[in-house]
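# Structure assessment
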Amino acid sequence: MKASDKFILYDKFNTPLTKQEFFKVRSLYLNCIVNNEFSLQSTSAIIEQIQLVKRQPKKIGPYKNLTVFEALNRIASDLVLLEGTRLIFNGKIPEIIPNTIKLNMGNKNGFDFIVNTTSNTMVYGEAFNVAHSFAKVKMRQTVDKIVKYTSLHKTNQAIIFCNKVVKQTLLKYKNEKEEKLLQQQFVIHKLFCDYENISTLITTTN
């Protein structure tokens, strides 16, 4: 099944976006969430609930032909990705001034996003949404991916977006590979993204 058969906004996110273009497609995405018709049925039958969540394809927000479990996982990550991108376009990382940003929505391979800067350099990044219990593991995996593809990072910097609620957990986390990168003047910028008030996201136009 093609990506466009699962993600109804595939064509809108399939090319690098300017700031103006990004805010237009961001609005389309958030409206899909607000106008979502799916609701999880209430049942005390645990096996029935498992089958519903893990086996039955549904349409949820901008996704279709996915199970509830997979669609909600993608949406959670997408919302962090959208909020982090908004922050970058609005100058949250002064060292990185974007011309366009390519968002790899819908669980594509490669990095989650690529920033093409005004100086025509590429900065690669990852985004994730995680629980406190898995936050350190996920950060380690993400740093490992950045390290694995160090040769791509010509600017000696990369970006990680993650959900704000795990900020305190991750601020206390030390990663040996990241420390070695810092010694080589390689910086990983981290943005902690607050996405959980959907009404605020909808009304935020820049």
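Quantities reported herein were computed from a predicted structural model and do not represent experimental measurements. (Residues numbered from 1 in each chain as written. Predicted model: local features only at pLDDT ≥ 70, side-chain atom pairs only at ≥ 80, totals over all residues. Heavy atoms only, no water.)

In this structure, Phe13, Tyr29, Ile88, Leu103, Phe113, Ile159 and Phe161 are the most contacted members of the largest nonpolar core, which totals 38 residues. Listing elements by their share of this core, those giving two or more residues are α1 (19-34), β2 (63-67), α3 (68-89), β3 (98-103), β4 (113-117), β5 (122-128), β6 (157-163) and β7 (187-193). Broken down by element, this core gets its largest block of residues, 10 residues, from α3. Excluding its chain neighbours within four sequence positions, the residues that come into contact with Phe113 are Leu81, Ile88, Ile101, Lys102, Leu103, Val123, Tyr124, Gly125, Glu126, Ala127, Ile159 and Phe161. Core analysis: the next-biggest nonpolar cluster, separate from the first, contains 18 residues, Phe111, Ala158, Ile160 and Val166 among them. (Core = buried A, V, L, I, M, F, W, Y, C linked by side-chain atoms within 4.5 Å. Buried < 20%, exposed > 50% of the residue type's maximum accessible area, 1.4 Å probe, protein only. Helix = DSSP H or I, 4+ residues; strand = E, 2+ residues; numbered from the N terminus. Contact = heavy atoms within 4.5 Å.)

Two elements in contact, α1 and α3, have axes separated by 11 Å at closest approach and are oriented at 150°. It follows from the interaxial angle that α1 and α3 lie roughly antiparallel. Classified by chirality, the crossing of α3 by α1 is left-handed. Listed contacts from α3 to Lys19, Phe22, Phe23, Arg26, Tyr29, Leu30 and Ile33 of α1 are Arg74, Ile75, Asp78, Leu79, Leu82, Glu83, Thr85, Arg86 and Phe89. (Axes fitted to C-alpha atoms, helices over the stretch in contact; angles between N-to-C directions. Parallel < 35°, antiparallel > 145°, perpendicular 65-115°, else oblique. Left-handed = near helix turned anticlockwise from the far one by under 90°.)

Right, let's get into a nonpolar patch on the surface. Among the surface-exposed residues, Ile46, Ile47 and Ile50 lie close enough to one another that they form a single nonpolar patch of about 300 Å² accessible area. Examined against the element boundaries, Ile50 turns out to sit in helix α2 (residues 46-55). (Patch = residues over 30% accessible without salt bridge, like charges linked within 9 Å, V, L, I, M, F, W, Y side chains within 5 Å. Areas by Shrake-Rupley, 256 points an atom, 1.4 Å probe, with all protein chains shown as cover. Salt bridge = Lys/Arg side-chain N within 4 Å of Asp/Glu carboxyl O.)

Below, the discussion takes up the environment of Gln51. Position of Gln51 among the secondary structure elements: in helix α2. Looking at Gln51, the relative accessible area reads 42%, which means it is partly exposed. Separated by 16 residues in the primary sequence, Gln51 and Thr67 have C-alpha atoms spaced 9.5 Å apart.

For the rest of this paragraph, the subject is the packing of aromatic side chains. Per the counting criterion, the structure on display carries 9 aromatic pairs. Measuring from ring centre to ring centre gives 5.0 Å for Phe7 and Tyr63, while their planes differ by 25°; the resulting arrangement is stacked. Here Phe7, found in the segment before α1, pairs with Tyr63, found in strand β2; they are 56 residues apart in sequence, far enough to count as distant. Judged on exposure class, the residue Phe7 and its partner Tyr63 are both buried. The ring of Phe69 has Lys54 sitting right over it, with the charged end atom 4.0 Å from the ring centre. The ring centre of Phe111 lies 5.1 Å from the NZ or CZ of Lys145, which sits over that ring. (Phe/Tyr/Trp six-rings, centres within 6.5 Å; stacked < 30°, edge-to-face > 60°. Lys NZ or Arg CZ within 6 Å of the ring centre and 35° of its normal.)

A separate point is α1. Over its 16 residues, α1 extends 22 Å from the first C-alpha to the last, a length consistent with the 22 Å expected when each residue adds 1.5 Å. Buried within α1 we find Phe22, Phe23, Val25, Arg26, Tyr29, Leu30 and Cys32. (Expected span 1.5 Å × (residues − 1).)

If you trace the backbone, Asn129 turns up in the loop between β5 and α4 (135-148). Residue classification places Asn129 among the partly exposed positions, given a relative accessible area of 23%. Note: C-alpha distance between Asn129 and Arg74 (55 residues apart in sequence) is 9.2 Å. Excluding residues that lie within four positions of it along the chain, Asn129 makes contacts with Ala76, Ser77, Val80, Asn163 and Tyr195. One polar contact links Asn129 to Asn163, side chain to side chain, over a distance of 3.3 Å. Within the structure, the side chain of Asn129 is placed 2.9 Å from the side chain of Tyr195, a separation counted as a polar contact. (Polar contact = N/O pair within 3.5 Å; in protein donor to acceptor, adjacent residues only side chain to side chain.)

This next bit is on the pairing of β5. The buried fraction of β5 amounts to 6 of the 7 residues, a majority that puts the element mostly inside the structure. Between β4 and β5, which pair antiparallel one after the other, the connecting turn spans 4 residues, and Asn120 there sits at a positive phi close to 65°. As paired elements, β5 and β6 share 4 bridges and run parallel to each other. Within β6, the position partnered with Phe128 by the bridge is Cys162. (Pairing = 2+ DSSP bridges.)

Here we come to the sheet that holds β7. Read from one edge of the open sheet, 5 strands run β3-β4-β5-β6-β7, paired in mixed fashion. This sheet does not close on itself; its edge strands, each paired only once, are β3 and β7. Strand-to-strand, the axes of this sheet are offset by a mean angle of 20°, without reference to chain direction. Here α4 sits on the sheet and contacts β5, β6 and β7; the angle it forms with β6, its principal contact strand, is near 160°.

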